[in-house]
Amino acid sequence: MTKTTALIFGHNKYAYEIIKNVKDKYNSIKVYSLDENDKKEGLYDVELFDLSDEWEDIENNVDIENSIAFCALEDPSENIFLTISLRSSFKNLTIITIASNKENSDKLKMAGATKVIPIVETTSDIIANVLEKPVSNKVLHSILYEESDLKIAQIKIDDTSHFKDEKLKSIDWTRYNGILVLSVMHEDMQSEFIYSNKAKEHVIKSGDILVIVGYEKDIQEFENLIGSKRYVNWSHWSR
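Before going into details, it helps to say that this report is about the structure given with it. If you're wondering where the values come from, they're calculated on a predicted model, not measured in any experiment. (Residues numbered from 1 in each chain as written. Predicted model: local features only at pLDDT ≥ 70, side-chain atom pairs only at ≥ 80, totals over all residues. Heavy atoms only, no water.)

1. Considerations on the overall build of the chain
The helix and strand inventory of the chain stands at 8 helices and 12 strands. Counting all 239 residues of the chain, 52% fall into the buried class. Look at the contacts in the chain between residues 6 or more apart in sequence, and 67% of them connect residues 24 or more apart. Entry remark: accessible area of the chain is about 12,100 Å², with carbon and sulfur atoms responsible for 46%. (Helix = DSSP H or I, 4+ residues; strand = E, 2+ residues; numbered from the N terminus. Buried < 20%, exposed > 50% of the residue type's maximum accessible area, 1.4 Å probe, protein only. Contact = heavy atoms within 4.5 Å. Areas by Shrake-Rupley, 256 points an atom, 1.4 Å probe, with all protein chains shown as cover.)

Here it is, written out as structure tokens:
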């Protein structure tokens, strides 16, 4: 079903990337900010809103059942409150939210979020890059618009891993069916998108962490194939 309006709540890097990714998929984009100093995002005027709003403008001008809201406020409490407010007003609105940890994710689901996109602190910088890749666009579409059991996992490389001492660019990622490798994190917790020129030259070391997306059975197979196990895996993208 074609979505009519995308309602973007937030004025930050996550909101920017959401706008870039959905602008061609919707007839209308509306951007909202809590900061009155935010005036414009590219071609889009930024509308000021208040968490206590009763959403009369949206109710009167938006086809709710054929639209989608993205709650991308950086303050977790504000994001939860926004989700509660939107859900209480719009029973049939599709609401996609971002969450910084599992606790916030659980709260957002209880608040009425249709989908929660987890942004773990150590992987928060990769979202801007991952949305630019066609294969990642396909994954994002599955997350937002389809019934999905996709998970995000962090696989820690140890001394016994087959990847240890290999250059990222030398690895044939197509061998690992169903797995999308997003980034590599170093021991200092700095992350790099694996398709960047800098990351391609990186030699994988013990302690590095690969951030991947896939279904549970494919993640388990990937672990077995490379000889490494999950470091963090709380994120479960599903209704």
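So, next bit.
2. Concerning the environment of D63
Checked against the element boundaries, D63 lands in the loop between α2 (56–61) and β5 (68–71). Taking the C-alpha atoms as reference points, D63 and L93, 30 residues apart in sequence, are found 9.3 Å from one another. Within polar-contact distance, the side chain of D63 engages the side chain of N66 at 2.7 Å. (Polar contact = N/O pair within 3.5 Å; in protein donor to acceptor, adjacent residues only side chain to side chain.)

3. Focus: the pairing of strand β7 (residues 115–118)
Of the two faces of β7, the one lined by K115 and I117 and the one lined by V116 and P118 are each fully buried. Of the strand pairs in this sheet, strand β6 (residues 94–99) and β7 are connected by 4 bridges, and their pairing is parallel. Across the sheet, residue T97 finds its bridge partner in β7, namely V116. (Pairing = 2+ DSSP bridges.)

4. Considering the packing of helix α3 (residues 76–89) against helix α4 (residues 102–111)
When two helices pack together, their arrangement is given by the angle between their axes and by how far apart the axes lie. Packing of α3 against α4 leaves a shortest axis separation of 8 Å and a crossing angle of 15°. In terms of axis orientation, α3 runs roughly parallel to α4. Crossing geometry of α3 relative to α4 is assigned as right-handed. Contacts between α3 and α4 involve P76, N79, I80, T83, I84 and R87 from the former and N104, K107, L108 and A111 from the latter. In terms of residue class, the contact of α3 with α4 is built from 5 nonpolar, 3 polar and 2 charged. (Axes fitted to C-alpha atoms, helices over the stretch in contact; angles between N-to-C directions. Parallel < 35°, antiparallel > 145°, perpendicular 65-115°, else oblique. Left-handed = near helix turned anticlockwise from the far one by under 90°. Nonpolar A, V, L, I, M, F, W, Y, C, P; charged D, E, K, R; others polar.)

5. Some remarks on the pattern of salt bridges
Counted under the stated rule, the structure contains 8 salt bridges. Residues E47 and K30 are paired through a salt bridge, measuring 3.8 Å at the closest nitrogen-oxygen approach. With E47 in strand β4 (residues 44–48) and K30 in strand β2 (residues 28–33), this residue pair connects regions lying 17 residues apart in the sequence. On the basis of relative accessibility, which here comes to 29%, the residue E47 falls in the partly exposed class. The partner of D165 in a salt bridge is K164, and the shortest N-O contact between them spans 3.2 Å. In the salt-bridge network here, residues are joined through shared partners; they are K167, K169 and E201. (Salt bridge = Lys/Arg side-chain N within 4 Å of Asp/Glu carboxyl O.)

6. Topic: the side chain of T5
Among the secondary structure elements, T5 is positioned in strand β1 (residues 5–9). On the basis of relative accessible area, T5 is assigned to the buried category, the value being 5%. Not counting chain neighbours up to four residues away, the residues in contact with T5 comprise Y26, S28, K30, V62, N66, S67 and I68.

7. Considerations on the packing of aromatic side chains
The full count for this structure, using the stated rule, is 8 aromatic pairs. Relative to F222, the ring of Y176 lies with its centre 5.2 Å away and its plane at 85°, an arrangement referred to as edge-to-face. Note that Y176 is positioned in the loop between β8 (151–156) and β9 (180–185) and F222 in helix α8 (residues 216–226), a separation of 46 residues in sequence. The exposure class of F222 is buried, given its relative accessible area of 1%. Through a chain of ring-to-ring contacts, three or more aromatic side chains come together here, namely F9, Y32, F49 and W55. (Phe/Tyr/Trp six-rings, centres within 6.5 Å; stacked < 30°, edge-to-face > 60°.)

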